[in-house]
Amino acid sequence: MALIADQTKRLVKLHGWIAILLSMLLYTVMLTGTVVVLDNEIDHWAQSEVHHETPFDVPIDPIYQRLEVQVPDALKETVSIGAGPEDSLRFFFGSSQAGQGDGVGNFGRQYLVDPDTGTLMRAEVGYEADFRREDAGAALERFLVDLHVRLHVPGRWGLYLTGTLGVVMLISAITGILIHRNIIRDLFVTERPGGRVVSIRDRHNLAGVWSLPFALLLSFTGAFLSFAVALGLPVVAMVAFGGDQQAAIEAVTVSGSLVVESPSKIHTLFAILSAAIACAGRPAGGMQIQNAARADSVVETFHAQADGNLRGMTLAYSGPSGAFLGRAHVVGTEASAGSTLAELTGPLHFGNFGGMASKIIWVALGAAMTFTIVSGVQLWARRRAEDPVWVVGYRVFVVVAWAVPIAMVASCYGYFLTKLSGDPILWTARAFVLAMLACAGLAMVWSGRTLSRLNQNFAMFLGLALLLLPFVRLQTGGMSLGEAILYGATDVWLIDLLVLLCGAASLFYARRGAQDALQPPQPSGIR
Amino acid sequence: MSGLLAHKLKPSERTLRWVLAGPAALLISILIMASFPMILPKGAGGVNHLIFPVLAFPLIWATLIILPVSTRRIEKMSMIYAALALLCLAIIGLSIVV
């Protein structure tokens, strides 16, 4: 599409202004998104767990039957079985009840059972979502994921915010394509020396063009995931279902099977699991039983993606007979274009469709997108180097750009240091806030220092904090490298290795910064 | 006199671009998301009409922001936006009545 100069000028302004106004939030969401691609691995690392593909390595029927007789039928509307905290097998018997937040929640009884001995470890009553929130072991992973998903802004507002950031990223990517005249040439551009404006532009173009398809994909799927429940569902419910959101949810998720309310027992779960594994080609990660006490009960088994598949699989079986009912879909009663697209958004956004290989690619491209934001702000500020407002604005951005990763590492310290005897849920969050405040305080104390020196100091902090982290993890009851290799806990040594590499890279950057600081200062004052 | 008043009341091109790319873009994309379930086919799974508008919402919003910024004919674009808003409102109104 050939654009005239006036149109290009306006699009360049839109490309710059829309991203610069939200640059700090965009950077935070992008950086945390890059990290939480490895959220499961971080969780196993933090809890020193060996990753099990399935929690159902033990005979499950005797345990289920023992617990099932203790629960009233009213609480068997939904039964969830899967991996629980502290290597336990988790059973939740519940039903939808009003009273949680601004909607309905799954209320019932949770049982945590030792899978090796069948001994009951814990029995609790409450909302299912609360049990997940109060799982102290998963506090670190949950904190980082929530930071990415909603920036810890409560309720729907956090999702509105991150959804809007997704749209801003999408606009930046689309306008980036429109204003670029030589996209193919920029794929192979080399940075021109001298630290000039053109050098920064080369850097921004190179990172931006390589991550362009990924930026379009991630911003679109991310915005959809944020807006679907927070805005899409209420709007569709208001117009098509007279404001009844529950009816809207049921319309897209509940299958139209025959309702038979007469009492019945579940067929052996072992037989259903065996059949499901043979059909899906992968072990089941969890299972759910709908209306467990009735003759129309349905057992659903959840499976990760088999080799060569983008999507995971949910298989449905009749509860009383164990007969195969078919493949269940996230939305809709049958496979359709809508259900396929809705199911694809998750794997494409999380990058978990091809195991560790796809995750590593997603981390690398996420890092390239984060760098695109940083270099974009750098370019914007460099072009306005004579304006004192932008000089201060850029300095604030630099402080936030260092403070966010430092605070994320601080939250890891908060988690590990309180895991054994304190409150890791509280201290993971508190350590993050304290580190952000400390960085802001340091930036004020160092207000007389040049940006090079500021970069160098913060990089040094981050590098040292990262290098010490595996040691602190080990000293707070974590698994050693030898144990991790012996027990096959790949995630433990992998994340340790990544932390050490990032720490070394940060220290290398700090050292290079120190060498650069010896060079004559740039006339603009912004580097 | 009336011509002068009309000229005074007429928003500048810049204001029109701001209004269309700002509040109008958000409002119309929400209206599209709300009205299209009434006219799209349900599909085999019975959910296509509900999923597609929600899925397309970020893309529609982004497009409706970019168009008024890039176009040379902003008056024509404002007519299109007004027509789109009226069409969506008519679909919603008809679905409530029928």
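What counts and what doesn't
Residues numbered from 1 in each chain as written. Chains lettered and ligands numbered in written order. Predicted model: local features only at pLDDT ≥ 70, side-chain atom pairs only at ≥ 80, totals over all residues. Heavy atoms only, no water. Helix = DSSP H or I, 4+ residues; strand = E, 2+ residues; numbered from the N terminus. Contact = heavy atoms within 4.5 Å. Buried < 20%, exposed > 50% of the residue type's maximum accessible area, 1.4 Å probe, protein only. Pairing = 2+ DSSP bridges. Lys, Arg positive; Asp, Glu negative; His and termini not counted. Salt bridge = Lys/Arg side-chain N within 4 Å of Asp/Glu carboxyl O. Polar contact = N/O pair within 3.5 Å; in protein donor to acceptor, adjacent residues only side chain to side chain. Disulfide = S-S within 2.5 Å. Phe/Tyr/Trp six-rings, centres within 6.5 Å; stacked < 30°, edge-to-face > 60°. Lys NZ or Arg CZ within 6 Å of the ring centre and 35° of its normal.

Within the fold, B:Ile28 resides in helix 2 (residues 13-39). Excluding residues that lie within four positions of it along the chain, B:Ile28 makes contacts with B:Leu64, B:Tyr81, B:Leu84 and B:Ala85.

Residue and element names in this part refer to chain A. Of all 6 residues in strand 6 (residues 298-303), 5 are buried, a share of seventy percent or more. Taken together, the 6 bridges between strand 6 and strand 7 (residues 313-318) define a ladder with antiparallel strand orientation. Bridge pairing in strand 7 links His303 to Met313.

Now for the side chain of A:Asp43. All names here are of chain A. Its place among the elements puts Asp43 in helix 3 (residues 39-46). Within the buried set, Asp43 has no salt-bridge partner at all; the shortest N-O distance to an opposite charge, 7.6 Å, is to Arg142. Engagement of the side chain of Asp43 in a polar contact is seen with the side chain of Gln47, the distance being 2.8 Å.

Residue and element names in this part refer to chain A. Following the criterion strictly, the structure yields 0 disulfides over all chains and no others. Cys502 supplies the cysteine sulfur nearest to Cys412, a cysteine that is in no disulfide, at a spacing of 11 Å. Its relative accessible area of 9% is what places Cys412 among the buried residues.

Glancing now at the pairing of strand 1 (residues 78-83) of chain A. Residues and elements named next belong to chain A. Within strand 1, 5 of the 6 residues are buried, which leaves the element mostly enclosed by the surrounding structure. Inspection of the sheet shows strand 1 paired to strand 5 (residues 284-290) by 5 bridges, in the antiparallel sense. Counterpart to Ile81 in the pairing with strand 5 is Met287.

Here we come to the packing of aromatic side chains. All names here are of chain A. Scanning the entire structure with this criterion turns up 22 aromatic pairs over all chains. Through a chain of ring-to-ring contacts, three or more aromatic side chains come together here, namely Trp17, Trp380 and Trp390. Positioned above the aromatic ring of Trp380, the side-chain terminus of Arg384 is 3.6 Å from the ring centre. Its guanidinium or amino end placed over the ring of Trp427, Arg430 lies 4.9 Å from that ring's centre, counting from NZ or CZ.

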